[in-house]
Amino acid sequence: MIDFNIPPYVGTEEKYIQEAIQNRKLCGDGMFTKRCSQWMEETLCVRHALLTTSCTHALEMAAILTGVKEGDEVIMPSYTFVSTANAFVQRGASIVFTDIRPDTMNLDERLLEDAITPRTRAIVLVHYAGVACDMDPILKIARRHGLQVVEDAAQAIAADYKGKALGTIGDYGCLSFHETKNLTMGEGGALLFQKDEALEPAEIIREKGTNRSKFFRGQIDKYTWVDYGSSYLPSELNAAYLWGQFMESQKIQQDRMDTWNFYHQAFQDLEQAGYVNRPVIPSYAKHNAHMYYLKVADLETRTRFLSYMKEQGILAVFHYIPLHSSSAGRKFGRFFGEDKYTTRESERLVRLPLYYGIGQENREKIAKAVQSFFVDRIKS
Ligand SMILES: *Cc1c(COP(=O)(O)O)cnc(C)c1O
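Thresholds, definitions, all that
- Residues numbered from 1 in each chain as written.
- Predicted model: local features only at pLDDT ≥ 70, side-chain atom pairs only at ≥ 80, totals over all residues.
- Heavy atoms only, no water.
- Pairing = 2+ DSSP bridges.
- Helix = DSSP H or I, 4+ residues; strand = E, 2+ residues; numbered from the N terminus.
- Axes fitted to C-alpha atoms, helices over the stretch in contact; angles between N-to-C directions.
- Contact = heavy atoms within 4.5 Å.
- Buried < 20%, exposed > 50% of the residue type's maximum accessible area, 1.4 Å probe, protein only.
- 1 Å grid on protein atoms, 1.4 Å probe; cavity = no way out; pocket = protein on both sides within 12 Å on 5 of 7 lines; lining within 4 Å.
- Points joined across faces, edges and corners; volume = space filled by probe spheres on them.
- Nonpolar A, V, L, I, M, F, W, Y, C, P; charged D, E, K, R; others polar.
- Right-handed = clockwise from strand over helix to strand, strands pointing away.
- Core = buried A, V, L, I, M, F, W, Y, C linked by side-chain atoms within 4.5 Å.
- Near = heavy atom within 4 Å.
- Polar contact = N/O pair within 3.5 Å; in protein donor to acceptor, adjacent residues only side chain to side chain.
- Areas by Shrake-Rupley, 256 points an atom, 1.4 Å probe, with all protein chains shown as cover.

Topic: the sheet that holds strand β2 (residues 73-77)
Then comes step 1: If you trace the eight strands from one edge of the open sheet to the other, you get β1-β9-β8-β5-β4-β2-β3-β12, paired in mixed fashion. The open sheet has two free edges, formed respectively by β1 (48-52) and β12 (333-335), since each of these has just one partner strand. Neighbour-to-neighbour, the strand axes of the sheet open up by a mean angle of 20 degrees, direction not taken into account.
Then comes step 2: Contacts from helix α7 (residues 199-206) reach β1 and β9 (189-193), with the element oriented near 5 degrees to β1.

What about the pairing of β1?
Then comes step 1: Extensive coverage of β1 is indicated by the burial of five of its five residues.
Then comes step 2: Burial along β1 is two-sided: the residues H48, L50 and T52 and A49 and L51 are all buried.
Then comes step 3: Where β1 and β9 come together, five bridges link them in antiparallel fashion. Counterpart to H48 in the pairing with β9 is F193.

Observations concerning empty space enclosed by the protein
Then comes step 1: According to the stated counting rule, one finds two cavities of 30 Å³ or more in the structure shown.
Then comes step 2: T104, Y128, A129, V131, W260, P279, V280, I281, H287, M291 and Y293 are the residues that line the largest cavity.
Then comes step 3: For the lining of the largest cavity, the class distribution of residues is nine nonpolar, two polar and no charged.
Then comes step 4: Here the second largest cavity is characterised by a volume of approximately 40 Å³.
Then comes step 5: Contributing to the lining of the second largest cavity are E200, E203, I204, T210, N211, R212, S213 and K214.
Then comes step 6: Within the lining of the second largest cavity, the residues separate by chemical class into one nonpolar, three polar and four charged.

Digging into the pairing of strand β3 (residues 94-98)
Then comes step 1: Burial analysis of β3 places four of its five residues in the buried class, the great majority of the element.
Then comes step 2: Sheet topology places β2 next to β3; five bridges connect them, and they run parallel. When the bridges of β3 are listed, E73 appears paired with S94.
Then comes step 3: Crossover β2 to β3 through helix α4 (residues 82-89) is right-handed.
Then comes step 4: Summarising the sheet, β3 and β12 pair through three bridges and their orientation is parallel. If you follow F97 over to β12, its bridge partner there is F335.

Observations concerning the nonpolar core
Then comes step 1: In terms of nonpolar packing, the biggest core is built from 61 residues, with M40, Y128, L175, F177 and F246 touching the most fellow members.
Then comes step 2: In this structure L175 touches M40, L44, C55, A153, A154, I157, L166, G188, G189, A190 and L192, once residues within four positions along its chain are discounted.
Then comes step 3: Core analysis: the next-biggest nonpolar cluster, separate from the first, contains 34 residues, C55, F88, F193 and Y232 among them.

Observations concerning the site of the ligand
Then comes step 1: The environment of the ligand is formed by 13 residues, the closest being C55, T56, D152, S176 and K181.
Then comes step 2: A distance of 2.9 Å separates an oxygen atom of the ligand from a polar atom in the side chain of Q155.
Then comes step 3: In the complex, 92% of the free accessible area of the ligand, which totals 380 Å², lies under the protein chains.
Then comes step 4: Considered class by class, the residues forming the shell around the ligand number five nonpolar, six polar and two charged.

Right under this line is the structure:
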């Protein structure tokens, strides 16, 4: 069976974890946490990168930092993971789901301005599959209406928009290092931001509402409870695994890109024959090969396709059920305007196995299985 995902492993992780153990420092904010933060700050060109226990938690921190409260509205796509919405629901906000663009599956910036009401406080974007939202028009609208912009860049490490790393463009950006993402620490994430004024409040939220980070830097002589907070700082053991991944990130990303390009080439003919749509990468975006998906004709075709692939020993999967159609989505939010693409496009989408080290043999086997599904259809 070809798995849908196998967590990336480069071989140096144990060595770094052992080092963390020998340092006798296992809780957060040790050497590996600092190294990882610095690497992100330098590589992604962002003033501040705080390692967190997950992207879900980075989103929660961002929601607190935006000051969103009871009665406020937050605009986001319905086609996303539950954490994007939960972080703001937890603050008492009501969610306004907007439709997506069918080409990138990202929030449609042309609908944004009409979805804004006097209660709107923030826009939350998702860079689906590591492909950028069209940031310039979105930022222009946000500025005009005094709204904050949070980027859910969970899938988007090292992808960019016009040369700027995703997650570093809005007010706050959130990365994920879950084992299903390009680079991992098992469970983990990061909060990114450019504003220096946000550093102290962010550190306080991450450290249980205390100014402990300041204390560790020797800026104060004892630490105390100063504001609301939680425990969002990951252990050094996890950070050590991530450090191994960061050091080999070029190799990991290149291998994923080779797989992505192989699939893209392999399915060109199927697209031309009208059987599938391949992903679209707008000229402003440089993606990170996080995901390779195809869109088939409809839900019924997808169901047959997935079971056909399984029979061939290949685990292909679908993705998000739009949040506005879930019971929590109906309770905590509303869909703005017409659902022209969200439901329809999400029902057509299938993701193919894509992981570091998948190998040429598997790539070819997968491509052949996909082609045979459609070719057999043509014959019958
Ligand atoms: C993976 C993912 C998350 C959640 O990340 P965790 O690190 O598992 O909390 C949130 N949003 C999107 C778009 C994701 O793909």
